[in-house]
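Residue-level listing of the chains:
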Amino acid sequence: MMIVSYKTIGQNIRAARKEAGLTQEQIAEKLKMSQLHFGRLERGERPASLEQIAQIAQVLRVSLPTLLNGCVVEEDFSAKPDDSAQALGKAVAKMASGCSPKARKLMRTLCQAVAASEKLPENNV
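Just so we're clear, the structure is a prediction, and the values are computed from it rather than from any experiment.

Colleague: Lay out the overall build of the chain in plain terms, naming residues and giving numbers.
Modeller: What the chain contains, in helices and strands, is seven helices and zero strands. Here the chain holds 125 residues, and 24% of them are scored as buried. Residue pairs in contact within the chain that sit at least 24 positions apart in sequence constitute 49% of those at least 6 positions apart. For the chain, the exposed surface amounts to about 9,400 Å²; the carbon and sulfur share of it is 54%.

Colleague: An account of helix 6 (residues 85–96) is requested, with residue identities and associated values reported.
Modeller: End to end, helix 6 covers 16 Å across 12 residues, agreeing with the expected 16 Å (1.5 Å per residue, within 8%). Looking at the residues trailing helix 6, positive phi occurs at Gly98, about 85°.

Colleague: Tell me about the packing of helix 1 (residues 6–20) against helix 3 (residues 35–43), and please be specific about residues and values.
Modeller: Here helix 1 crosses helix 3 at 115°, and the two axes come no closer than 6 Å. With respect to each other, helix 1 and helix 3 are oriented roughly perpendicular. For the pair formed by helix 1 and helix 3, the contact residues are Tyr6, Lys7, Gly10, Gln11, Ile13, Arg14 and Arg17 on the first element and Phe38, Leu41, Glu42 and Arg43 on the second. For the contact of helix 1 with helix 3, the class distribution of residues is four nonpolar, two polar and five charged.

Reading the values: the criteria
Residues numbered from 1 in each chain as written. Predicted model: local features only at pLDDT ≥ 70, side-chain atom pairs only at ≥ 80, totals over all residues. Heavy atoms only, no water. Helix = DSSP H or I, 4+ residues; strand = E, 2+ residues; numbered from the N terminus. Buried < 20%, exposed > 50% of the residue type's maximum accessible area, 1.4 Å probe, protein only. Contact = heavy atoms within 4.5 Å. Areas by Shrake-Rupley, 256 points an atom, 1.4 Å probe, with all protein chains shown as cover. Expected span 1.5 Å × (residues − 1). Axes fitted to C-alpha atoms, helices over the stretch in contact; angles between N-to-C directions. Parallel < 35°, antiparallel > 145°, perpendicular 65-115°, else oblique. Nonpolar A, V, L, I, M, F, W, Y, C, P; charged D, E, K, R; others polar.

Functional significance is not addressed by these values, which are geometric in nature.
Shown next, in the form of structure tokens:
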């Protein structure tokens, strides 16, 4: 069983925001949410959805694990990313290498959630 500490996630969000030199107001604006709501997320007073945490990570230019558990994963943002599905598969496989089965299962769940949030229902296109 996995226990999610929104307070810890909030502390990690705050640390990453401060490291990036941004205010709560600036981040909230980029996320299209009120500063009050973002502040509550940052203080761990409100649960954040996985999608919100992923969006915050993207805005702060940190990895999702950095916000979820505080580990630091260095990323090269200067290189042009290869957006092909094959390159993504290789990158995910590299990240999963050496991880526990539990961590790999979580990674798969996270990838599925992100993919599902990006796909539009065929009837609404």
